[in-house]
Amino acid sequence: MNDSLGRVLVIVPAWNEQANVGNTVREILDRTTGLDVVVIDDGSTDQTAAAARDAGATVIALPFNLGVGGAMRAGFTYAQRHDYDAAIQVDADGQHDPAEIGRVLDGLHGSDISIGARFADKGDYSVKGPRRWAMLFLAGVMSRVAGTRLTDVTSGFRAANRRAIDQYVRYYPAEYLGDTIDSLVAAVHSGLSVTQVPVAMRQRVHGNPSQNPIGASIYLFRSIFALGLALMRPGKATGGQTA
């Protein structure tokens, strides 16, 4: 798969996902060829690490919960230190379909970062109410920042080439939405290019995401606030940047 990209690492951040992570890892290995899988056990208190290891993944166990941003930065650091040419995030909960990994990686043939977009005319994934309004607003602003049309900038199903991996190791924030919005703003400000490819998302197999009306409204305000902060601090994106 994607031999022209070189060595590719699949990074799976996982926190208390013992019910899902084993199936996710097995499906990645069954549906792809030539890719290595590392699960970042983000301070889980259940058997996430054991389930991932039994399924065939390399496991990096963090001593305490850092959040998705911290887990992904650990994964990108692993990718850099082990000389991978590209890396792709696949969430442990099963919502990212491993059958779409090749499609997302293909976006790296023309860009530094490739986003698997849920709202790009493929699949039936839908979000309503304040959460949907926030996603549309964020996508509109980020499209202007990146200079290309983006419809789903909060998707974690994204791939990075060597340049992007190096950037993420330097700066990959752990705060709210930092792993999606802030990291993307920082990457664009450091000169990296972004594209998106349409993908179909799935529902969680076990567990329920919080999408009640109150939570959705809070998401709306917090996401706009997070974007504002990200746009106000471009300096962090360029620390250590080389030509």
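See the structure shown above.
Let me sum up the structure you'll find in this document. Only a predicted model underlies this, so the values are computations on that prediction, with no experimental measurement involved.

## Quick word on the overall build of the protein
Helix and strand content of the protein: eight helices and seven strands. The proportion of buried residues among the 243 residues of the protein is 53%. Across the protein, every contact between residues at least 6 apart in sequence was considered, and the portion connecting residues at least 24 apart equals 79%. Accessible surface computed for the protein: about 10,900 Å², of which carbon and sulfur atoms make up 52%.

## Description of helix α6 (residues 162-170)
Within the span of α6, buried status applies to A164, I165, Q167, Y168 and V169. Where α6 is buried, its residues meet α3 (67-81), β4 (86-89), β5 (113-117), β6 (158-161) and α7 (178-189). Looking at where α6 begins, the residue whose side-chain oxygen comes 3.1 Å from the main-chain nitrogen of R163 is N161.

## Comments concerning the packing of helix α1 (residues 21-31) against helix α2 (residues 48-55)
Two elements in contact, α1 and α2, have axes whose closest approach is 8 Å; the angle formed by their N-to-C orientations is 25°. One finds that α1 runs roughly parallel with respect to α2. As α1 runs across α2, the sense of the crossing is right-handed. Counting all contacts with α1, which are made through V21, G22, V25, R26 and L29, the residues of α2 involved are T48, A51, A52 and A55.

## So, the side chain of T154
Summarising the element assignment, T154 is placed in the loop between α5 (129-146) and β6. Relative accessible area serves as the criterion here: at 13%, T154 is assigned to the buried category.

## Digging into the sheet that holds strand β7 (residues 194-198)
Taking strand neighbours across the sheet as the criterion, the seven strands line up as β3-β2-β1-β4-β6-β5-β7 in an open arrangement whose pairing is mixed. Each edge of the sheet is formed by a strand with only one pairing partner; in this case those strands are β3 (58-62) and β7. Neighbouring strand axes in the sheet, compared pairwise and without regard to direction, differ in orientation by 20° on average. Across five bridges, the pairing between β5 and β7 is parallel. Directly across from A117, in β7, lies its bridge partner P198. Along the sheet, α3 makes contact with β1 (8-14), β2 (35-42), β3, β4 and β6, crossing β1 at roughly 155°.

## A few points about the pattern of salt bridges
Tallied over the entire structure, the rule returns six salt bridges. Between R162 and D85 there is a salt bridge, and its shortest N-O distance comes to 2.8 Å. You can see R162 sitting in helix α6 and its partner D85 sitting in the loop between α3 and β4, a full 77 residues away along the chain. Assessed through its relative accessible area of 35%, R162 is described here as partly exposed. Residue classification places D85 among the partly exposed positions, given a relative accessible area of 22%. For R118, the salt bridge is made with D152, and the minimal N-O distance between the two is 2.6 Å. One end of the pair, R118, is in the loop between β5 and α5; the other, D152, is in the loop between α5 and β6, and 34 residues separate them in sequence. D152 matches R118 in its accessibility class, with the two residues each being buried.

## Thoughts on the nonpolar core
Judged by nonpolar contacts, the single largest core of 32 residues is most densely connected at I11, F76, I113, Y168 and L184. Secondary-structure elements contributing two or more residues to this core are β1, β2, α3, β5, α5, α6 and α7. The residues contacting Y168, other than those within four sequence positions of it, are R73, F76, I113, R158, A160, S183 and A187. Counting 30 residues, the second-largest nonpolar core is a separate cluster that includes V8, A52, A55 and I88.

Reading the values: the criteria
Residues numbered from 1 in each chain as written. Predicted model: local features only at pLDDT ≥ 70, side-chain atom pairs only at ≥ 80, totals over all residues. Heavy atoms only, no water. Helix = DSSP H or I, 4+ residues; strand = E, 2+ residues; numbered from the N terminus. Buried < 20%, exposed > 50% of the residue type's maximum accessible area, 1.4 Å probe, protein only. Contact = heavy atoms within 4.5 Å. Areas by Shrake-Rupley, 256 points an atom, 1.4 Å probe, with all protein chains shown as cover. Polar contact = N/O pair within 3.5 Å; in protein donor to acceptor, adjacent residues only side chain to side chain. Axes fitted to C-alpha atoms, helices over the stretch in contact; angles between N-to-C directions. Parallel < 35°, antiparallel > 145°, perpendicular 65-115°, else oblique. Left-handed = near helix turned anticlockwise from the far one by under 90°. Pairing = 2+ DSSP bridges. Salt bridge = Lys/Arg side-chain N within 4 Å of Asp/Glu carboxyl O. Core = buried A, V, L, I, M, F, W, Y, C linked by side-chain atoms within 4.5 Å.

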